There are 2 protein chains.
Amino acid sequence: MNEIKDLSKTNYKWVGKRTRRPDGPDKVTGRAQYGDDIVMPGMLCGKILRSPHAHAKILSIDTSKAEALKGVKAVVTHKDIPDHALLEPPYGPVIADFHDIARNVLAREKVLYDGHAVAAVAATSERIASAAIKLIEVEYEILPHVLDPFEAAQPDAPVLHDHQFTNGVTPAPEKPSNVFRVVSTERGDLEAGFADADIIVEREFNSKPVHQGYIEPQALIASASEDGAVELWTTTQGHFVIRGLCARLLNIDMSKIRVTASEIGGGFGGKNNLYAEPLAIRLSQKSGKPVRMVMSRSDVFRGTGPASGTYSRIRMGAKKDGTIVAAEAEIYNQAGAFKGSPVGRSLDSFFSSYAIVNAKATAYDVCVNRPKVAAYRAPGAPMATLGAELTINEIAEKLNIDPIDLRLKNAVQDGGESLCGVKYGRIGLTEVLEAVKNHPHYSAPLKANQGRGFALGYWMHGGGLSSVNANLLDDGTVAVATGNPDIGGSRSSMRVMAAEELGVELETVKPVVADTASMGYSHLTAGSRTTFATGLAVINSIREIIEKLCALAAKKWDIPVDDVTWEAGQAVTHRDGFDSLTLKQLAGMATKMGGPIAGHSEINAGGAGAAFSAQLVDVEVDPETGLSSVKRYTIIQDAGRAISPDYVEGQMQGGAVQGIGWALNEEYFYDDEGHLLNSGFLDYRMPVASDLPMIDTVIIEVPNPNHPYGVRGVGEPPLVPAPAAVANAVENAIGRKLGSLPLSPPKVLAAIETGTPRGD
Amino acid sequence: MNEIKDLSKTNYKWVGKRTRRPDGPDKVTGRAQYGDDIVMPGMLCGKILRSPHAHAKILSIDTSKAEALKGVKAVVTHKDIPDHALLEPPYGPVIADFHDIARNVLAREKVLYDGHAVAAVAATSERIASAAIKLIEVEYEILPHVLDPFEAAQPDAPVLHDHQFTNGVTPAPEKPSNVFRVVSTERGDLEAGFADADIIVEREFNSKPVHQGYIEPQALIASASEDGAVELWTTTQGHFVIRGLCARLLNIDMSKIRVTASEIGGGFGGKNNLYAEPLAIRLSQKSGKPVRMVMSRSDVFRGTGPASGTYSRIRMGAKKDGTIVAAEAEIYNQAGAFKGSPVGRSLDSFFSSYAIVNAKATAYDVCVNRPKVAAYRAPGAPMATLGAELTINEIAEKLNIDPIDLRLKNAVQDGGESLCGVKYGRIGLTEVLEAVKNHPHYSAPLKANQGRGFALGYWMHGGGLSSVNANLLDDGTVAVATGNPDIGGSRSSMRVMAAEELGVELETVKPVVADTASMGYSHLTAGSRTTFATGLAVINSIREIIEKLCALAAKKWDIPVDDVTWEAGQAVTHRDGFDSLTLKQLAGMATKMGGPIAGHSEINAGGAGAAFSAQLVDVEVDPETGLSSVKRYTIIQDAGRAISPDYVEGQMQGGAVQGIGWALNEEYFYDDEGHLLNSGFLDYRMPVASDLPMIDTVIIEVPNPNHPYGVRGVGEPPLVPAPAAVANAVENAIGRKLGSLPLSPPKVLAAIETGTPRGD
């Protein structure tokens, strides 16, 4: 069941309505063009040679036999990718370290994980390209490897990068480490807090890397011209970002690279990064032909970034009345082969739903011999939340307080701040928690072997850089071009906001995802930022158009522009004797009376605000096999304002389903040599429809005051508490505490039989 | 030899410099993508069935056999093209009559010329498509036809359109006519003028339709989606115009059609129109597949518009001192099968270089059984100019006055106006004429059988609608996107103006021709408007960027914005203690300090101004064969300001060469049934390099005060006087007056042997 609770009682024409998807027909008919749907005359097939070792020195690469194979047109190795200097401290929150990017794109001195790209070829057919990569001879010296972030952080672990010394610790370390940095945040007096506590709960947690599991593997085509220009067509969450990364990595003028984002078959954070793009560009430059590169599913698992696996410790103290007086957390995030796991977001995620006076969190960014991690829907948050929420539930249990009441008691309020000090404005946390308490699911009876779990998730939404060009056409239709690939319905929400502002029919507005050639910079479609930030740019652009239309009407009527207003799709005036002028009428006269009418906006949007997602889940555990089945799932989440409710609900449902996968099934299996054993969907088990009940949703609308319609963003919060909620349900079903995800049947069976495993 | 005479003595960094072509490498290497270079998966081949008759009723069309052929996926006839009502008077200067466009795109009740499109098919291969069109059975009732505009204007001529009654005559006509309208313009008292004249010269002229002869035939690919959206890739001078025409013709929302202009292999006015685009869209809609349609050269000659053939009469009277006191002109422009020859431009072209007190011109727009005419470089002007200039040369001869002196005496001055009343601002006519007199070519000796010709041409440039998006990128490079296909160097001139404004290196600016999805409306690249109007929009956009950069520097420096200026690519301040900030530095900080920086402009530019081209040509006529060879050619033209002199000279040379073709060689041959006999370049003889001397140019720069750099536009004036100058040279070589173009060898031989033919 899907509900919407609009707490501001507004009356819109399109906002909040269930409208037809603008991308539906093309997707249903197979017409939508994904990454590998573009062909260019004379294009070559590119293939990547990947490392068979988890960690090894590259002694030599001999490409001569591959180059000599008939049909091979170009071969690239790290020698074809410019090297870049190491980043110097201080390190910002987001690391664009081209020293690392160059090495992840193609291994240079060493291979650092099974599947690390070593060389690439372009040939006239896929068969020849596949044959050619087998002819490349690489001499390796195998080195010891490490996969677990906690082990990798120990002083005796095999070290991936001899140049890397831990940042953020004193005294400055003397020997290199896999720990790139240690970051922490603190408030109050932690020791005094714990001293004041009536009870203290301390737990350990483990999680494995999990893959975004997008349906469409990475796929692209690059065509480089002799004049230095590059055309790139790729499946990405941010073609402007890809343009910038390729330009900087390959030392090409940014303006010379034109990137078109294909339709995208899922991203979830996994399509923010460079992989084969620079290789295809170099292969195209060397061969003089367009080069297409499409990953296999095995390439995707072996070569692209999952979310961090983690090891974490939580310690919390509370008074008998439920006041949480101290909270401490520590997390080791595995970064994969190169630094840059989401440590900051982990820190901010532990306790930010609560006003805890004394709190501290520490996060370690740890390199291991696995693919470099990528963003995955609320990066850094779900695993930090797992530990904190399971611990809070245990406190509630021990104090015999209702877990929602416990949270309501400690809930952060409007004007509060996150653990990392991000200020909240108006937030909907209390409204969400009260809706949970009042939801029938919360008090529904359970059957045998069933348990109910609950968890709360917090996410601070991104704003940032967005650009929009909106053009009013002669026939009164409006083309709204953004630079954001539509990964989850942004064309729909942009169209809704534009039509709402204009007061016209939805079909009057055509939403377009434009390429990089004629648009201002638009940051990733990520961080749940697009409907908020790009939406603001759309609203700005449309308001500029409306202003110009009012001026045009004033000119036509020969009255002052202040006497003209825009109402319900028409220019109107309170003066007598003037019939209102419709959008279509004004559009028809615009080019004769001044010029084409357009609105533009380039912004760096702030104030996206925080959102909270609360999740109730009922799980039934088969006591004989340890198999956990989700029986009922309800998500109650503050969306600020659901511009397109169908999509908001889809985001909520999708986030929960991914969280179920994290909690119950998904993990990477490696053998002793560090080879990935389950690089396909048959062995890497994601939830499918038959594993799931319908996911019920309740959208709470506490409008964000920093957006004209109150948008907060909705894509990431639903994943944040999902693993914790599911794990809590399994705990409650079997009466044991569980700390190591995924809660696979053997692990659950062991817990039932032997007691409470706290971490692996 | 190429000279530039800058009469304003300015000092620019890039304007007026000879710079490297931005489109050069892609064109030289074959990488540039023309109309038929795009492939789409599953695309079909579209072919058109054309009329074998010059004029016939369509009794029936049976497509069943074609539809049954294996591999045929769709067939369209006029039934698939919506009909549109006839236009009602008053008629504007430009006619977008969808009643006619629908019928020209696919014949409906009648076929009106040999080659008129009747049906189209899409099939899985070209072979099948060709076989399929032969299976379409059309029953015709052949009607009498007429090809010559003067004959067609007679009351007893076969009538093409029963619904067409001549406009602009009184009393209103009672029976339908091939003459769509008669337009005229008049000033002073013509009879009094002639009465005052010491001599009167009266002559008749004829010309044949001539084709633009672009190298690349029309080619396109259309892909229609089930959701109503259309992607169209086509070779055109105006993809925004094509979008609008397709939308209106086919009743599709304009915003749903995205048109990308391919690189273009010549247009010269011939690629402003709809031909196969709507057919390809309909075929794609019916088949569900992309459809590519590429014309053969024969299709181009039979199915696309040439310039009007004409019949004209000129009568001029002058005083002994050379003052022209009366001028009268009449021209019959053949419109082809549908109304709309450039009658207005013809009227304005006869006498607008001269301040003649008493003048009148009349033009007839006449339908004949030939392809509908299209624009061709200065449409309507060359043939009007032919008559007027040859007549003035005869007056000079008769009065024994130097022809340049005669023109200087009568030359229109700054602040004057054209025959149709278009006001001149600052013009460079006197400067041009004086440069002719002082040019060594003017007094160089001639050899036996040689003659020297001279003519003067006038063109009032277009301004109009242009849009630009300029984006400053993070690395300090700038992408300047326009909506104008680059037919003659506009990417170069846009880049030059942008780099000049910014004060940066040329390579910093990347000029882009963007598709219709994210740009404001941009009118055709035609009418010599682009460097002027789109250039203004570029300058506006860059100035907006500079303003934002100054504001950014002020913010960075924390000083008032009024204290910041932009100089030589940097923000500077007169205040002490601030190092200037370069474009690159500011670009790097822009997104962190407010957002992406962009400039936009959507304008309707006026004030493009008039330009004059004077041409001297030496021709040698072989008295035995009548073959005329051009030996020396000099063009002296006011360009206002040559932004990119290489291109300006190229335009001047190209215009002259096309005029040589008009004058000496080019014509369509029809048999008695109205079938075109020479639909290929072997028989339709255009000048090739070996026919020509180097064309010398002198660019006169009398800046246009309505453009920051003084641009006037240069593409059209060089064609205007060229046929007249060449014909005058042949006249002088053989000592006979000639009035019927082309001056083919048999015609010249006949003139030598039999006297002076005045008209055919």
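Just so it is clear, the structure is predicted and the values come from calculations on it, not from any experiment. (Residues numbered from 1 in each chain as written. Chains lettered and ligands numbered in written order. Predicted model: local features only at pLDDT ≥ 70, side-chain atom pairs only at ≥ 80, totals over all residues. Heavy atoms only, no water.)

Brief notes about the packing of aromatic side chains
Going through the model one piece at a time under the given rule, you end up with 34 aromatic pairs over all chains. With 6.0 Å between their ring centres and 70° between their planes, F301(A) and Y668(A) make a pair best called edge-to-face. Here the residue F301(A) occupies a position in helix α9 (residues 297-303), and Y668(A) occupies one in the loop between α18 (645-664) and β27 (695-701), the gap between them amounting to 367 residues. Judged by its relative accessible area of 4%, Y668(A) falls in the buried class. Here the aromatic cluster, defined as three or more aromatic residues joined through ring pairs, consists of F301(A), Y668(A), Y670(A), F681(A) and Y684(A). Geometry around F180(B) places K339(B) over its ring, the cationic atom sitting 5.2 Å from the centre. (Phe/Tyr/Trp six-rings, centres within 6.5 Å; stacked < 30°, edge-to-face > 60°. Helix = DSSP H or I, 4+ residues; strand = E, 2+ residues; numbered from the N terminus. Buried < 20%, exposed > 50% of the residue type's maximum accessible area, 1.4 Å probe, protein only. Lys NZ or Arg CZ within 6 Å of the ring centre and 35° of its normal.)

Focus: the side chain of D618(A)
Residue and element names in this part refer to chain A. As for its placement among the helices and strands, D618 is situated in strand β25 (residues 610-621). Among the polar contacts listed, one links the side chain of D618 to the side chain of H441, at a separation of 3.0 Å. Ignoring any residue separated from it by four or fewer positions in sequence, one finds D618 in contact with H441, L446, G451, R452, S629, V630, K631 and R632. (Polar contact = N/O pair within 3.5 Å; in protein donor to acceptor, adjacent residues only side chain to side chain. Contact = heavy atoms within 4.5 Å.)

Some remarks on the relation of the copies chain A and chain B
The two copies are related by a screw motion: chain A maps onto chain B through a turn of 180° and a shift of 0.0 Å along the axis, at an RMSD of 0.0 Å. These values place the two chain copies in the arrangement generated by a two-fold rotation axis. Both copies contact each other with a shared surface, as 100% of the interface residues of chain A are interface residues in chain B too. (Least-squares fit on C-alpha atoms with pLDDT ≥ 70 in both.)

Quick notes on the sheet that holds strand β6 (residues 117-123) of chain B
Residues and elements named next belong to chain B. Overall, mixed pairing links the seven strands, which are arranged β4-β6-β2-β13-β10-β11-β12 in an open sheet. The open sheet terminates on both sides in strands that have one partner only, identified here as β4 (72-76) and β12 (257-261). Each strand of the sheet is rotated relative to its neighbour by a mean of 20°, with strand direction disregarded. (Pairing = 2+ DSSP bridges. Axes fitted to C-alpha atoms, helices over the stretch in contact; angles between N-to-C directions.)

Description of the sheet that holds strand β23 (residues 581-582) of chain A
All names here are of chain A. In spatial order, the strands read β21-β22-β23; together these three strands make up an open sheet with antiparallel pairing. Looking at which strands have only one partner, the edges of the open sheet turn out to be β21 (564-567) and β23. On top of the sheet, helix α16 (residues 530-557) reaches β21, β22 (570-573) and β23; it is set at about 130° to β21, its chief contact.

A few points about the domain arrangement of chain A
All names here are of chain A. Along its sequence, chain A is carved into domain 1 (1-6 + 424-458 + 610-760) and domain 2 (464-605). Computed from C-alpha atoms alone, the centre-to-centre distance between domain 1 and domain 2 is 39 Å. Domain 1 puts 16 residues into the contact, and the matching count from domain 2 is 16 residues. Both faces combined, the contact of domain 1 with domain 2 buries some 1200 Å², and carbon together with sulfur accounts for 62% of it. On the domain 1 side of the interface with domain 2, the three residues burying the most area are I643, Y647 and Y709, jointly 39% of the side's total. In this structure, the connection of domain 1 to domain 2 is made through zero salt bridges. Remark: the boundary between domain 1 and domain 2 carries four residue pairs in polar contact (both at pLDDT 80 or more). When grouped by side-chain class, the residues that make up the side of domain 1 that touches domain 2 number seven nonpolar, seven polar and two charged. (Domains from an automatic or database assignment. Buried area = accessible area lost by both parts, 1.4 Å probe. Salt bridge = Lys/Arg side-chain N within 4 Å of Asp/Glu carboxyl O. Nonpolar A, V, L, I, M, F, W, Y, C, P; charged D, E, K, R; others polar.)

Some words on the interface of chain A and chain B
Facing the 58 residues of chain A at the interface are 58 residues of chain B. Summing the contributions of chain A and of chain B, the shared interface buries around 4300 Å²; its carbon and sulfur component is 52%. When the buried area of chain A at its contact with chain B is split by residue, R31(A), S255(A) and P596(A) rank highest and sum to 15% of it. Applying the counting rule to chain A against chain B returns four salt bridges. Here R31(A) and E226(B) are joined by a salt bridge, their closest N and O atoms 2.8 Å apart.

Considerations on the pairing of β12(B)
Two faces, one strand: in a regular strand the side chains alternate between the faces of the sheet. All names here are of chain B. Extensive coverage of β12 is indicated by the burial of four of its five residues. Sheet analysis places strand β11 (residues 230-234) next to β12, joined by five bridges and oriented parallel. Looking at the pairing, V230 lines up with I257 of β12. Handedness of the crossover joining β11 and β12 through helix α7 (residues 239-250): right-handed. (Right-handed = clockwise from strand over helix to strand, strands pointing away.)

Describing unusual backbone geometry
Looking along the chain, the bond that leaves T170(B) and enters P171(B) is cis, with omega of -5°. Position of P171(B) among the secondary structure elements: in the loop between α5 (149-152) and β8 (179-187). Cis geometry marks the peptide bond from L741(B) to P742(B), where omega comes out at -5°. Structurally, P742(B) is set in the loop between α19 (722-734) and α20 (745-754). Phi angles above zero are rare outside glycine, and N400(A) is one such case at about 55°. On the secondary structure map, N400(A) appears in the loop between α11 (381-399) and α12 (403-410). The class of N400(A) is exposed, set by a relative accessible area of 71%. With phi around 55°, N251(B) is a residue other than glycine that occupies positive phi space. With respect to the helices and strands, the residue N251(B) is situated in the loop between α7 and β12.

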